[in-house]
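# Examining the three-dimensional arrangement
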Amino acid sequence: MLLTTLYIIGITAEAMTGALAAGKRHMDWFGVMLVASATAIGGGTVRDVLLGHYPLGWVANPQYLVITCLAGLLTTVIAKWVVRFHKVFIILDAIGLIVFSIIGCRIAMDMGLPAIICIVSAVVTGIFGGLLRDLICRQQPMVLHKELYASVAFIAGGMYYGMMFLAVPEMIATISTLVVGFVARMAAVQWSWRLPVFKLEETSDEKRGKQVARN
Amino acid sequence: MLLTTLYIIGITAEAMTGALAAGKRHMDWFGVMLVASATAIGGGTVRDVLLGHYPLGWVANPQYLVITCLAGLLTTVIAKWVVRFHKVFIILDAIGLIVFSIIGCRIAMDMGLPAIICIVSAVVTGIFGGLLRDLICRQQPMVLHKELYASVAFIAGGMYYGMMFLAVPEMIATISTLVVGFVARMAAVQWSWRLPVFKLEETSDEKRGKQVARN
Amino acid sequence: MLLTTLYIIGITAEAMTGALAAGKRHMDWFGVMLVASATAIGGGTVRDVLLGHYPLGWVANPQYLVITCLAGLLTTVIAKWVVRFHKVFIILDAIGLIVFSIIGCRIAMDMGLPAIICIVSAVVTGIFGGLLRDLICRQQPMVLHKELYASVAFIAGGMYYGMMFLAVPEMIATISTLVVGFVARMAAVQWSWRLPVFKLEETSDEKRGKQVARN
């Protein structure tokens with residue numbers, strides 16, 4: 001119940017971030033719905049395809065797809081409002097991230113997969129939606145640069161897995177993962193925590209090559 | 001029979017548009033074959049992976065893959081001719097779009113999936129080939145901007161599904177969907193019908209960020 | 001045994017090329033691990049998804065995923081050394097390419113698929129890792145431009161398939177494919193052998209369109 005409610009909040013918020021990215025690329029309504037849906041349910045889709053977990057969530061429950069399309073279209077109408085209240089979105093997006101991670105972890109656990117794969121499943125579910133959004137909209141993938149995003153999914157997945165492994169009641173495991181993950185994400189945003197960045201200069205040859213490729 | 005013939009025409013035309021895009025990126029022969037095949041059979045591949053519909057069409061029928069590779073290579077030889085007669089291609093591409101949509105809808109129906117998913121399956125089959133082409137060739141995805149393209153796939157899928165649901169004989173459903181879809185697509189090209197576009201200005205911060213990312 | 005050893009060398013080398021590409025895009029540690037893993041095991045993943053060959057290699061053997069993540073992180077420490085000894089990498093990368101192709105061919109053969117699909121499986125396994133790396137890092141896809149890369153995978157796949165078909169003992173088939181493929185790849189690098197390139201000029205309209213899209 002709780003998880004389903006939070007999941008719907010999460011996909012709605014993610015769909016809206018997708019629609020905003022589509023708007024920046026001047027896409028039409030269809031593009032808006034596509035990017036919104038890819039952002040919101042793309043992570044779960046990639047996870048299910050990688051794990052061979054059929055039918056996909058939105059194929060079994062098409063109403064989720066309807067929600068993401070409507071949320072995308074709605075965003076075109078209320079875009080100014082959305083942009084102004086973007087702090088609300090950071091909160092909803094954080095909830096979505098943790099919920100997606102918990103669901104991803106749990107599906108892999110239900111399939112009897114090893115611990116590493118359960119945590120990878122959490123991370124994939126949490127971040128691949130945003131990654132697909134940035135690929136389709138040809139943006140620099142934010143999840144690979146921004147404040148601890150994938151790391152929060154990793155922590156949430158590991159924490160949930162650990163507690164389930166220790167036979168903590170599911171409700172307690174879910175709620176405490178939600179709280180810890182949410183606080184970690186908010187703290188990362190607030191104080192701009194980041195993972196160390198690996199910077200490598202391009203050689204001048206490569207720069208020239210890129211210049212040529214661009215023209 | 002009819003559908004198979006039109007399908008082969010469709011993948012040939014799509015493969016050629018893929019080869020032209022590869023040529024604009026100065027790819028080698030292998031790249032041409034890859035982009036041609038991704039454009040022509042990528043939509044069906046994405047659909048089958050999403051629906052868990054194995055084996056994929058081209059794995060079961062490798063001759064389709066041979067056709068798309070040959071069509072791609074042929075395009076390198078007759079490129080000038082192809083570019084000059086590009087109105088013929090708009091027609092062949094429109095036929096392909098409708099045929100792909102009908103096939104996509106039907107496969108989902110044969111799997112017993114709900115109406116929404118059948119129509120989504122039509123749209124995915126119709127447009128993901130072009131989307132993959134534009135991602136690999138790093139072009140602005142045309143299906144998300146151009147004249148009603150995805151919408152035509154949507155209409156064709158919905159119409160075919162509706163008629164099959166109403167027990168219209170398959171031949172009649174197929175032909176009338178082909179005619180209506182084709183006319184809709186041609187009209188959209190002729191009069192530049194478009195879906196409304198969602199434009200959102202980037203903030204100056206983002207513009208600067210992009211500038212940095214590009215350099 | 002031999003193939004497993006060479007496979008581990010191959011994924012390590014590929015993961016390192018992925019990490020270097022991530023470094024050029026200033027990604028954080030997580031991004032480095034993602035790109036490293038996508039480069040090293042992305043080809044096998046795409047192959048398994050296309051063939052419906054579940055569970056995926058790294059899901060069944062998570063230790064490979066651990067290796068690629070560690071190789072990626074290690075690269076951030078020893079990047080200067082890696083760049084300096086990049087000739088070693090060309091060798092390791094060539095070994096990886098052939099090993100991936102052999103494994104891809106063999107998995108398709110074990111599934112009883114037709115010859116064309118076995119060779120396509122070899123090529124997909126060999127090149128899709130590099131293709132994913134270049135898509136995520138938004139580089140011009142190198143495998144579609146560089147010296148015979150996909151072609152070497154094609155030759156290796158075809159040779160291995162042919163020898164197995166002719167009932168050549170597996171050890172001999174594997175080793176001779178490795179030797180021939182490796183020599184072909186090294187020769188291609190040494191003398192810059194390339195497939196012919198298909199160049200098509202963009203029309204001035206398209207150039208303008210691209211200019212607009214970029215701004």
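Throughout this description, residue numbers start from 1 for each chain and increase along the sequence as written. Labels follow written order: the first chain is A, the first ligand is 1, and so on. For a predicted model such as this one, the threshold for reporting local features is a pLDDT of at least 70, and the threshold for listing and counting side-chain atom pairs is 80 or more; totals across whole chains, interfaces and linings nevertheless cover every residue. No hydrogens and no water enter the side-chain calculation; it runs on all heavy atoms of the structure.

### What to know about the packing of aromatic side chains
The condition that has to hold: Here is the rule: rings of Phe, Tyr and Trp (six-membered ring for Trp) pair when centre to centre is within 6.5 Å. Planes less than 30 degrees apart are stacked, more than 60 are edge-to-face, and the remainder are tilted.
A complete count under the given rule lists 15 aromatic pairs over all chains for this structure. An aromatic cluster is built from Tyr7(A), Tyr64(A) and Phe100(A), whose rings are joined through pairwise contacts.

### Topic: the interface of chain A and chain B
Defined as follows: Contacts are residue-level and defined by heavy atoms, with any inter-residue pair within 4.5 Å sufficient. Two parts placed together each lose some accessible area; with a 1.4 Å probe, that loss summed over both constitutes the buried area. Salt bridge criterion: a side-chain nitrogen from Lys or Arg within 4 Å of a carboxyl oxygen from Asp or Glu. Whenever two N or O atoms come within 3.5 Å, that pair is a polar contact, provided that in protein one can donate a hydrogen and the other can accept it, and provided that, for residues adjacent in sequence, both atoms are side-chain atoms. Put simply, DSSP H or I for four residues or longer makes a helix, DSSP E for two residues or longer makes a strand, and each gets a number counted from the N terminus. Amino acid classes used here: Ala, Val, Leu, Ile, Met, Phe, Trp, Tyr, Cys and Pro are nonpolar; Asp, Glu, Lys and Arg are charged; the rest, including Gly, are polar.
Between chain A and chain B, the contact holds 33 residues from the first and 36 residues from the second. Contact between chain A and chain B buries roughly 3000 Å² in total, counting both sides, with carbon and sulfur atoms accounting for 69%. Looking at the side of chain A facing chain B, the largest losses of area belong to Lys24(A), His26(A) and Phe30(A), adding up to 20% of the total buried there. There are 0 salt bridges connecting chain A and chain B. Where chain A meets chain B, there are 4 residue pairs in polar contact (both at pLDDT 80 or more). Contributions of two or more residues to the side of chain A that touches chain B are made by helix 1 (2-24), helix 2 (29-51), helix 3 (57-60), helix 4 (62-77), helix 7 (115-136) and helix 10 (204-214) of chain A. Broken down by element, the residue count for the side of chain A that touches chain B peaks at 7 residues, all from helix 2 of chain A. Its residues assigned to classes, the side of chain A that touches chain B comprises 20 nonpolar, 7 polar and 6 charged.

### Side note on the state of the cysteines
How we decide: Two cysteine sulfur atoms make up a disulfide if the distance between them is within 2.5 Å.
Evaluation of the coordinates by the stated rule reveals 0 disulfides over all chains. With no disulfide of its own, Cys105(C) has Cys118(C) as its nearest cysteine by sulfur position, at a separation of 5.3 Å.

### Regarding the environment of Ser151(C)
Following the sequence through the fold, Ser151(C) ends up in helix 8 (residues 150-165). Sequence spacing of Ser151(C) and Val123(C) is 28 residues, and the spatial spacing of their C-alpha atoms is 8.1 Å.

### What about the relation of the copies chain B and chain C?
Quick reminder of the rule: When the copies are superposed, the least-squares fit takes in the C-alpha atoms of residues with a pLDDT of at least 70 in both.
Rotating chain B by 120° and translating it 0.0 Å along the rotation axis places it on chain C, where the RMSD comes to 0.0 Å. On this basis, the relationship between the two copies can be described by a three-fold rotation axis. Minimal C-alpha separation from the rotation axis in chain B is found for Val49(B), amounting to 4.1 Å.

### Describing unusual backbone geometry
Cis geometry is adopted by the peptide bond preceding Pro55(B), which originates at Tyr54(B) and carries an omega value of -5°. Checked against the element boundaries, Pro55(B) lands in the loop between helix 2 (29-51) and helix 3 (57-60). Although it is not a glycine, Ser192(A) adopts a positive phi angle of roughly 50°. Topologically, Ser192(A) is positioned in the loop between helix 9 (170-190) and helix 10.

### Focus: the interface of chain B and chain C
Each partner contributes residues to the interface: chain B has 33 residues there, and chain C has 36 residues. Counting across the interface, chain B meets chain C through 0 salt bridges. The tally of links between chain B and chain C comes to 4 residue pairs in polar contact (both at pLDDT 80 or more). Of the residues that constitute the side of chain B that touches chain C, the class distribution is 20 nonpolar, 7 polar and 6 charged.

### Side note on a nonpolar patch on the surface
Residue and element names in this part refer to chain A. Rules: For patch building, the residue pool is restricted to those with more than 30% relative accessible area and no salt bridge; the joining distance is 9 Å between like charges and 5 Å between nonpolar side chains (Val, Leu, Ile, Met, Phe, Trp, Tyr). To be clear on the numbers: accessible area is Shrake-Rupley with a 1.4 Å probe, and residue cover counts the displayed protein chains and nothing else. Relative accessibility decides the category of a residue: with a 1.4 Å probe and only protein chains considered, values under 20% of the type maximum give buried, values over 50% give exposed, and everything between is partly exposed.
A contiguous nonpolar patch, built from Leu2, Met171, Ile172, Ile175, Val179 and Val183 and spanning about 520 Å² of accessible area, is present on the exposed surface. Ranked by the residues each element gives to the nonpolar patch, the list is headed by helix 9, at 5 residues. If you trace the backbone, isoleucine 175 turns up in helix 9. For isoleucine 175, a relative accessible area of 37% translates into the label partly exposed.

### Some remarks on the UniProt feature "transmembrane region" (unreviewed entry) in chain A
All names here are of chain A. Rules: UniProt positions are given in the numbering used here, feature names are shortened, and annotations may be inferred rather than shown by experiment.
Here, the residues flagged by UniProt with the feature "transmembrane region" (unreviewed entry) are residues 64-83, 90-109, 115-136, 148-166 and 172-193. For residues 90-109, the end-to-end C-alpha separation is 29 Å, with 100% helix and 0% strand making up the annotated structure. What you have in residues 172-193 is 86% helix and 0% strand, and the ends, taken at the C-alpha atoms, are 27 Å apart.

### Concerning the pattern of salt bridges
Residue and element names in this part refer to chain A. For the structure on display, the rule yields 9 salt bridges over all chains. Its salt-bridge partner being aspartate 48, residue arginine 47 comes within 3.0 Å of it at the nearest N-O pair. By the burial criterion, arginine 47 is buried, and aspartate 48 matches it.

### Some words on the confidence of the model for chain A
For residues with low pLDDT, the predicted coordinates do not support detailed interpretation. Applied cut-off: Every residue carries a pLDDT, the predictor's confidence in it, which falls somewhere between 0 and 100.
Predicted confidence across chain A gives a mean pLDDT of 87, with 90% of residues reaching 70 or more. Confidence drops under a pLDDT of 50 for residues 208-215 of chain A, and excluding neighbours within four residues, the segment shows 7 contacts in the predicted structure.

### Description of the environment of Ile91(A)
Residue and element names in this part refer to chain A. Inspection of the secondary structure puts isoleucine 91 in helix 6 (residues 86-110). When its relative accessible area of 36% is taken as the criterion, isoleucine 91 is described as partly exposed. Separated by 78 residues in sequence, isoleucine 91 and alanine 13 have C-alpha atoms that sit 9.2 Å apart. Sequence-distant contacts of isoleucine 91, that is, excluding residues within four places in its chain, are made with Phe182 and Met186.

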